[in-house]
Amino acid sequence: MGDSANSKTISSHGEPSMEGWLCKWTNYLKGYQRRWFVLQNGHLSYFRAENNGGVPTLSIRRRRRFKGNQAEMVHTCRGSISLHGALIHTVDACTFVISNGGTQTFHIKASSEVERQQWVTALELAKAKAIIFYSRNMESEEDEEADEASGSPEEWSGVVRELQACLDDLQTCSELISKHGASLQRALGELESTVDPDLAQGKSKLVNERATLFRIASNAMINACNGYLQTATTHGHKWTRLLQHEREQRQRLQEMVETLAQQHSRLEQAANAHAHRPNGPVSASEGEEEDENEFYDALAEGSSTPGDGRFTLDIPKGGLHRRSSSDSSSEPEESQETQQVVVVTGKSESKAASSLELPAVATTRAGQRRTRVPDKPNYPLNLWSIMKNCIGKDLSKIPMPVNFSEPLSMLQRLTEDYEYAEILDVAARCTDPYEQLAHVAAFTVSSYATTSVRTGKPFNPLLGETFECDRTDDLGWRAISEQVSHHPPMVAQHCEGKGWKCWQEFTMTSKFRGKYLQVIPLGMAHVEFPESGNKYSWRKVTTTIHNIIVGKLWVDQHGDMDIVGKGQAAGIKCHLKYIPYSYFTRETQRRVKGAVMDSLKNVKWIINGTWDDKVEIAPVIGSSNTLENPVYQTGAVTVAWKRRMPAPDAEKFYSFTTLAAQLNEYEEGVATTDSRLRPDQRYMENGKWNEANAEKVRLEEKQRATRRQRETEAERAAAEGRPYMPYQPIWFEQVKEDDSDTISHVYKGGYWEAKEKGDWSQCPDIF
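Residues numbered from 1 in each chain as written. Predicted model: local features only at pLDDT ≥ 70, side-chain atom pairs only at ≥ 80, totals over all residues. Heavy atoms only, no water.

1. What about the overall build of the protein?
For the protein, the helix and strand inventory stands at 14 helices and 30 strands. Burial status across the protein gives 44% buried among its 767 residues. Intrachain contacts of the protein at a sequence separation of at least 6 include 61% that bridge at least 24 residues. Accessible area of the protein: about 39,800 Å², with a carbon and sulfur share of 52%. (Helix = DSSP H or I, 4+ residues; strand = E, 2+ residues; numbered from the N terminus. Buried < 20%, exposed > 50% of the residue type's maximum accessible area, 1.4 Å probe, protein only. Contact = heavy atoms within 4.5 Å. Areas by Shrake-Rupley, 256 points an atom, 1.4 Å probe, with all protein chains shown as cover.)

In structure tokens, the structure reads:
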């Protein structure tokens, strides 16, 4: 977050009218990043933070030297936006957005509501004075942490030439100093003959001494510059050789990694081919053909043209249709009758209709549900051919193929958190808040159970996309989720069960480090038990995906989680520690341990287990008095959660559990924005990845066009001086929590009532 102590107003003429630390949204992977913002001459510029955590030294030197020269500031900044005609509006207590009509948009977050108001006021004043300085700035908003210290040999030669020019200027100055010094001495000599000899001699001696010292200092400066130039010239060739060597090493390493990735891909293809064709060897020509089968952007597929916004779902009339493990086809049996359901998803350029076939559909809630999805096709994919094109680019702006995904959206993936919701049913019956919190802790751990084998990326939801999961009849709970923000991506979710209700606002930031990718959740999750008035809140821990480039992907959870009691349970807390995976420990891997404590930090319950197997809880009946290494005596141990293992062949269908396989089943009566109606996701589940990639590109382009239209309308409203209402979620609203200053999205009701009426008129057209 921005530091309000660093923000300050400068009133001197020509200096910035506002500057300080704020957090700017960069992209999906990095999220909000801390930047130094400078408001000056109708432009808002930002600079990247230095390692020392202080104000960027480069911008300070520029301002001291050029006294607020805007052109020079823009030359060194990371980005700038003109305030002339810009739209400035607040999102919440700490966040505001600046947009100049679609070419640039800054999403900025302050540390407090007061600081946000100070910046908005200053921006509005600067906007009124920005007519003279108005110019469209088309610079990119990319904020990758690129190394700018290295340069080419030509750049080093330019540095030496610049130093030579500076030295020539200094030598000219030295000649002028010597000339004027000699003139000064001659004038003083003439002065001695016309005034009092004693007084003139004293003054002349003093002035001569100062002139001599000045000349000596000038000579010393010239000598120092000569030495610096000589050093730079001497080492210039060495710098060039070192730079060239570094570039060669970097190129060699890149080639080695690419070769290793290709070999790994070839081995995987050979292993898969051997597994599918055990009686026939793979020919050399087939291996070469598979190795060259790289993924290309779906836009290049001229044969895959999206439909006119309608697609048909072939639903078996007999209810469930399950494929046996020996059946490799993903199509329904020919003898089975099907009924077609036409789903309207919006218009596109093509007038042809696309047909989506569902091999397994739940006809009613009480009917039988499927237990698996169609097998994942064996599509050869050269990972390096895609990753090498992402180097130096904003990953959030690169269309990633569905080959990296699983046929579920993020909305559906978050619903999997309630796979073990029966733990909350037990917690709702607990009269002891400490025991209740221990069960809640076990529930939070259970949400990570499937991540140990799930490495597929969920589909990014579109703005306004929803997902409902009504399992009241069999599991006792129902949930509704909605994508409430696209930039930054944010999901709001609400779930109701037997004696409890849960809600969360999920957003995240990420860090890509080449070998691994870290996902850091930022939103808060809550659970409330209305009968007792107990409420608990927590934030999820960090998820790390290893072996991004080479090797088999595996996932680890690590970090600390604090589950804080509120309401009637205020003062109690549970601290959980997810121990990171280590090759050098004798302890059980993927271990989770923690304790439930009262307001005085006295331990009441102990939690111990692993996040991929089970969690045990036990009450504390006694403890030692050693503070550094206390020993607790516990009562009877209770298994609060035990993982239900997936099917033995689950790896063939994305390692889905039974609940995960049922999430994307077609169901009649859902909202027109439901994730189950996404064409690209449905195509992928049915094994038609080329069509899925084409539909994915179409949906993303449609979303971008809608966003550009919204920004144009906002700019027009700002120019006309009338208010403009930004995008508002359909089923959720921003509300300030009673026990804190946090503003989050909560369910405002109306979804299930709209479903009973079959009225989805307020849902946007996103598909």
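Having seen the model, we can carry on.
2. Here's the deal with the nonpolar core
Membership of the largest hydrophobic core comes to 72 residues, with the highest contact counts inside it found for Val440, Trp500, Tyr536, Ile563, Leu576 and Tyr578. It is helix 10 (residues 433-446) that contributes the most residues to this core, seven residues altogether. With sequence-adjacent residues up to four places away left out, leucine 576 is seen in contact with Ala441, Thr444, Val445, Gly559, Asp560, Met561, Ile563, Val592, Lys593, Gly594 and Ile607. In terms of nonpolar packing, the next biggest core, distinct from the first, is built from 20 residues, Leu44, Leu83, Ile108 and Ala122 among them. (Core = buried A, V, L, I, M, F, W, Y, C linked by side-chain atoms within 4.5 Å.)

3. Details of the pattern of salt bridges
On inspection of all chains with the given rule, the structure shows 32 salt bridges. The shortest N-O distance in the salt bridge between glutamate 406 and arginine 413 comes to 2.8 Å. The exposure class of glutamate 406 is buried, given its relative accessible area of 1%. The salt bridge partner of arginine 644 is glutamate 422, with a shortest N-O separation of 3.0 Å. A residue pair is termed long-range when its members are at least 10 positions apart, and arginine 644 in the loop between strand 28 (638-642) and helix 11 (658-663) and glutamate 422 in helix 9 (residues 422-428) qualify at 222 residues. Each member of the salt-bridge network shares a partner with another, and the members are Glu468, Glu667, Asp674, Arg676 and Lys755. (Salt bridge = Lys/Arg side-chain N within 4 Å of Asp/Glu carboxyl O.)

4. Quick word on the side chain of serine 744
Among the secondary structure elements, serine 744 is positioned in strand 30 (residues 743-747). If sequence neighbours within four positions are ignored, serine 744 has contacts with Glu505, Glu733, Gln734, Val735 and Glu737.

5. Observations regarding the sheet that holds strand 1 (residues 18-27)
Taken in spatial order, the seven strands line up as 4-3-2-1-7-6-5 in an open sheet, and their pairing is antiparallel. A single partner strand is all that each edge strand has here, and the edge strands are strand 4 (79-82) and strand 5 (87-90). The sheet shows a mean angle of 35° between the axes of neighbouring strands, taken without regard to direction. The pairing of strand 5 with strand 6 (residues 95-99) spans four bridges and is classified as antiparallel. Along strand 6, the bridge assignment pairs histidine 89 with valine 97. Contacting strand 1, strand 2 (31-40), strand 3 (43-48), strand 5 and strand 6, helix 3 (residues 113-128) crosses the sheet at an angle of about 100° to strand 1. (Pairing = 2+ DSSP bridges. Axes fitted to C-alpha atoms, helices over the stretch in contact; angles between N-to-C directions.)

6. Regarding unusual backbone geometry
You will see that arginine 590, though not glycine, has its phi angle at about 60°, which is positive. In this fold, arginine 590 is placed in the loop between strand 23 (573-578) and strand 24 (591-597). For arginine 590, a relative accessible area of 19% puts it in the buried group. Look at lysine 601: it is not a glycine, yet its phi comes out positive at around 65°.

7. Thoughts on the environment of phenylalanine 106
Mapped onto the elements of the fold, phenylalanine 106 is located in strand 7 (residues 105-109). Of the residues examined, phenylalanine 106 reaches a relative accessible area of 0% and is grouped as buried. It is 8.4 Å that separates the C-alpha atoms of phenylalanine 106 and phenylalanine 96, two residues lying ten residues apart in sequence.

8. Describing the pairing of strand 22 (residues 554-567)
Judged from the four bridges that link them, strand 20 (residues 534-538) and strand 22 form a sheet pairing that is antiparallel. Pairing of serine 537 across the sheet is with valine 564, part of strand 22. Relative to strand 22, strand 21 (residues 542-546) runs antiparallel, the two sharing five bridges. Across the sheet, the residue bridging to histidine 546 is tryptophan 554, located in strand 22. In this sheet, strand 23 lies alongside strand 22 in antiparallel orientation, the contact comprising six bridges.

9. With respect to a nonpolar patch on the surface
There is a patch of nonpolar side chains on the surface, built from Tyr581, Tyr583 and Phe584 and spanning about 440 Å² of accessible area. Mapped onto the secondary structure, tyrosine 581 falls in the loop between strand 23 and strand 24. Since its relative accessible area comes to 32%, tyrosine 581 is described here as partly exposed. (Patch = residues over 30% accessible without salt bridge, like charges linked within 9 Å, V, L, I, M, F, W, Y side chains within 5 Å.)

10. With respect to the packing of aromatic side chains
Counted by the stated rule, this structure contains 18 aromatic pairs. Consider the rings of tyrosine 448 and tyrosine 578, whose centres lie 5.5 Å apart with planes at 75°: the pair is edge-to-face. With a gap of 130 residues between them, tyrosine 448 in the loop between helix 10 and strand 12 (457-459) and tyrosine 578 in strand 23 connect regions that are remote in the sequence. Geometrically, the ring pair formed by tryptophan 731 and tyrosine 751 is edge-to-face, given 5.2 Å between the ring centres and 85° between the ring planes. With tryptophan 731 in the loop between helix 13 (689-720) and strand 29 (732-736) and tyrosine 751 in helix 14 (residues 751-757), the pair connects residues that are 20 residues apart, well separated along the chain. Looking at tryptophan 731, the relative accessible area reads 2%, which means it is buried. The class for tyrosine 751 is buried, based on a relative accessible area of 0%. (Phe/Tyr/Trp six-rings, centres within 6.5 Å; stacked < 30°, edge-to-face > 60°.)

11. Section: the environment of phenylalanine 656
Mapped onto the elements of the fold, phenylalanine 656 is located in the loop between strand 28 and helix 11. A relative accessible area of 2% places phenylalanine 656 in the buried class. For phenylalanine 656 and arginine 372, which are 284 residues apart along the polypeptide, the C-alpha to C-alpha distance reads 7.3 Å. Not counting the four nearest positions on each side in its chain, phenylalanine 656 is found in contact with Val373, Glu406, Pro407, Leu408, Arg454, Pro646, Ala650 and Ala661.

12. Quick look at the environment of tryptophan 752
Mapping tryptophan 752 onto the fold places it in helix 14. Not counting residues within four places of it along the chain, the set of residues in contact with tryptophan 752 comprises Glu468, Asp470, Arg478, Ala479, Ile480 and Tyr747.

13. Considering helix 3
For helix 3, with 16 residues, the first-to-last C-alpha span of 23 Å sits near the 22 Å given by 1.5 Å per residue. Among all positions of helix 3, only Glu115, Arg116, Trp119, Val120, Ala122, Leu123 and Ala126 are buried. Down the axis, helix 3 shows its buried residues gathered within 165° of arc, on one side only. Turned more than 90 degrees from where helix 3 packs its buried face, Val114, Leu125 and Ala128 sit exposed. Elements that come into contact with the buried residues of helix 3 comprise strand 1, strand 2, strand 3, strand 5 and strand 6. (Expected span 1.5 Å × (residues − 1). Arc of directions from axis to C-beta.)

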